[in-house]
Amino acid sequence: IAAVVLAAGLSTRMGGRPKGLLPFDSRDTFVSRIVRTFNEAGVADVVVVVGHEGPRVEEVVVRSGLAARRC
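Let me begin by describing the structure that accompanies this report. Only a predicted model underlies this, so the values are computations on that prediction, with no experimental measurement involved. (Residues numbered from 1 in each chain as written. Predicted model: local features only at pLDDT ≥ 70, side-chain atom pairs only at ≥ 80, totals over all residues. Heavy atoms only, no water.)

1. A look at the nonpolar core
Our working rule: Definition of nonpolar core: a set of buried residues of the types Ala, Val, Leu, Ile, Met, Phe, Trp, Tyr and Cys, connected through side-chain atoms within 4.5 Å. Summary of the burial criterion: residues with accessible area below 20% of their type's maximum are buried, those above 50% are exposed, and those between are partly exposed, where the area comes from a 1.4 Å probe applied to protein chains only. Elements are defined by DSSP. Helices are runs of H or I of four residues or more, strands are runs of E of two residues or more, and each kind is numbered from the N terminus. Here, two residues are considered to be in contact whenever any of their heavy atoms come within 4.5 Å of each other.
Of all hydrophobic cores here, the largest spans 15 residues; its most connected members are Val5, Val31, Val35, Val46, Val48, Val57 and Ala68. Within the residue set of this core, elements represented by two or more residues are β1 (2-7), α1 (30-40), β2 (45-50) and α2 (54-64). The residues contacting Val35, other than those within four sequence positions of it, are Val5, Val46, Val48, Leu66, Ala67 and Ala68.

Here you go:
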């Protein structure tokens, strides 16, 4: 089973602030929480699709230490 996390949008409804980078709790952002949920559910292949603000989203995923590929 593979999961694809779409984190490439412009976040226009969020006032231009990338939704994936918004804090979820003291440990996670929105995107890292989604990846964490898939990892905890046993999903072996998680792919995070980045676009707008891609380097920042990638940094959050890498810093989280969670298992996910970025493209």
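2. Some thoughts on the pattern of salt bridges
Formally: Salt bridges are identified by distance alone: a Lys or Arg side-chain nitrogen within 4 Å of an Asp or Glu carboxyl oxygen.
In the structure shown here, the tally under the stated rule is five salt bridges. Residue Arg27 pairs with Asp28 through a salt bridge whose shortest N-O separation is 3.6 Å. Note on Asp28: relative accessible area 3%, which makes it buried. The partner of Arg63 in a salt bridge is Glu59, with the nearest N and O atoms 3.5 Å apart. Within this pair, Arg63 and its partner Glu59 are both found in helix α2, separated by four residues, close to a single helical turn. Residue class for Glu59 comes out partly exposed when judged on its relative accessible area of 45%. Ionic contacts of the salt-bridge type, sharing partners, join the residues Arg27, Asp28 and Arg36 into one network.

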